[in-house]
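# Examining the three-dimensional arrangement
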Amino acid sequence: MAKTNYSKVELALEEGLRKMTVTRLCELADISAGIGQSQEPENTLTKAQRLLIRRIQLDLMRLRKKDNKIYTKLKIKKSELTKKFEHPENLTKEDWKMLRAIRKKTKTLIETIYPKKSDEELVEKEQERHITKRFNVNEKWLPLK
């Protein structure tokens, strides 16, 4: 079997990568000089804002599993929240303050509904379970006595 010579392919790849880096550097130079426009739109959300919206959505999903009337407890309409979540780049500072307040409320509701168990309780529970543990037996089966 003949040996394959990849030197031409490697040279073509190297040349293509060089061209890509040159064009990217030219774009960055134009942006820094103010000649070109940046690729990012002006109304982008920060990472903290996206995280806040996502956490509120997750909290509401979690609370809806326990209580269907969660929106009345939060004193807000579901349609109003969904409109704000659809276009978060158009929110004002007051809207962001309101969303932060909603996040605090949902956080306190989750803490009351789902109390945190201490590590000691979990360890004791697992120890009790493992005392009577039988190997290669489904745990859903009734134990033999």
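Our structure's up above, just so we're on the same page.
Just so we're clear, the structure is a prediction, and the values are computed from it rather than from any experiment. Residue positions are given per chain, counted from 1 along the sequence in the order it is written. Restriction of local features to residues with pLDDT of at least 70 applies here, the model being predicted, together with a cutoff of 80 or more for giving and counting side-chain atom pairs; totals for whole chains, interfaces and linings are based on all residues. In computing side-chain properties, one takes all heavy atoms of the structure into account and sets aside hydrogens as well as water.

Attention now goes to helix H2 (residues 47–66). Given a rise of 1.5 Å per residue, 20 residues ought to cover 28 Å, and the 29 Å separating the end C-alpha atoms of H2 matches this to within 8%. Only protein chains enter the accessibility calculation, which uses a 1.4 Å probe. A residue is then buried if its area is under 20% of the maximum for its type, exposed if over 50%, and partly exposed in between. Helix numbering and strand numbering both begin at the N terminus, where a helix is a DSSP run of H or I of at least 4 residues and a strand a DSSP run of E of at least 2. The set of residues buried in H2 consists of Gln49, Leu52, Ile53, Ile56, Asp59, Leu60 and Leu63. An end-on view of H2 places all buried positions within 130° of arc, on one side of the element. With respect to the buried face of H2, the exposed residues turned more than 90 degrees away are Lys47 and Lys65. Here, residues are in contact when the closest pair of their heavy atoms is within 4.5 Å. As for H2, its buried residues are in contact with helix H3 (70–74), helix H4 (78–86) and helix H5 (93–113). Helix span, as expected, comes to 1.5 Å for every residue beyond the first. Summarising the geometry, the arc corresponds to the directions from the helix axis toward the C-beta atoms.

What follows concerns the packing of aromatic side chains. Two rings from Phe, Tyr or Trp (for Trp, the six-membered ring) form a pair when their centres are within 6.5 Å of each other. A pair whose planes differ by under 30 degrees is stacked, one over 60 is edge-to-face, and the rest are tilted. Per the counting criterion, the structure on display carries zero aromatic pairs. A ring is considered to have a charge above it if a Lys NZ or an Arg CZ atom is located within 6 Å of its centre and within 35 degrees of its normal. The ring of Tyr114 carries Arg62 above its face, with NZ or CZ at 4.3 Å from the centroid.

Now for the layout of surface pockets. Only protein atoms enter the 1 Å grid, on which a cavity is a set of points fitting a 1.4 Å probe that cannot get out and a pocket is an open set with protein on both sides within 12 Å along at least 5 of 7 lines, lining residues being those with an atom within 4 Å of a point. Grid points are joined across faces, edges and corners, and a volume is the space filled by probe spheres set on the points. As a volume, the second largest pocket reaches approximately 150 Å³. Around the second largest pocket, the lining residues are Asp59, Arg62, Arg103, Lys107, Ile110, Glu111, Tyr114 and Lys116. Contributions of two or more residues to the lining of the second largest pocket are made by H2 and H5. Broken down by element, the residue count for the lining of the second largest pocket peaks at four residues, all from H5. Taken together, the residues of the lining of the second largest pocket sort by class into two nonpolar, no polar and six charged. All residues other than Ala, Val, Leu, Ile, Met, Phe, Trp, Tyr, Cys, Pro, Asp, Glu, Lys and Arg, Gly among them, are scored as polar; the first ten of these are nonpolar and the last four charged.

Note on definitions: salt bridges are taken to be side-chain nitrogens of Lys or Arg within 4 Å of carboxyl oxygens of Asp or Glu. Summed over the entire model, instances satisfying the criterion amount to seven salt bridges. Among the ionic pairs, Glu15 bridges to Arg18, the shortest N-O distance being 2.6 Å. Of the two residues, Glu15 and Arg18 are both situated in helix H1 (residues 7–33); the distance of three residues between them amounts to about one turn of the helix. Judged by relative accessible area, which is 36%, Glu15 ranks as partly exposed. Across the salt bridge formed by Lys84 and Asp95, the nearest N and O atoms sit 3.1 Å from each other. Residue Lys84 is located in helix H4, and its partner Asp95 is located in helix H5; the two are separated by eleven residues in the primary sequence. Assigned by exposure class, Lys84 and Asp95 land together as buried. Bridged by salt links that share partners, the residues Glu14, Glu15 and Arg18 form one connected network.

Function cannot be inferred from these measures alone, as they are strictly geometric.
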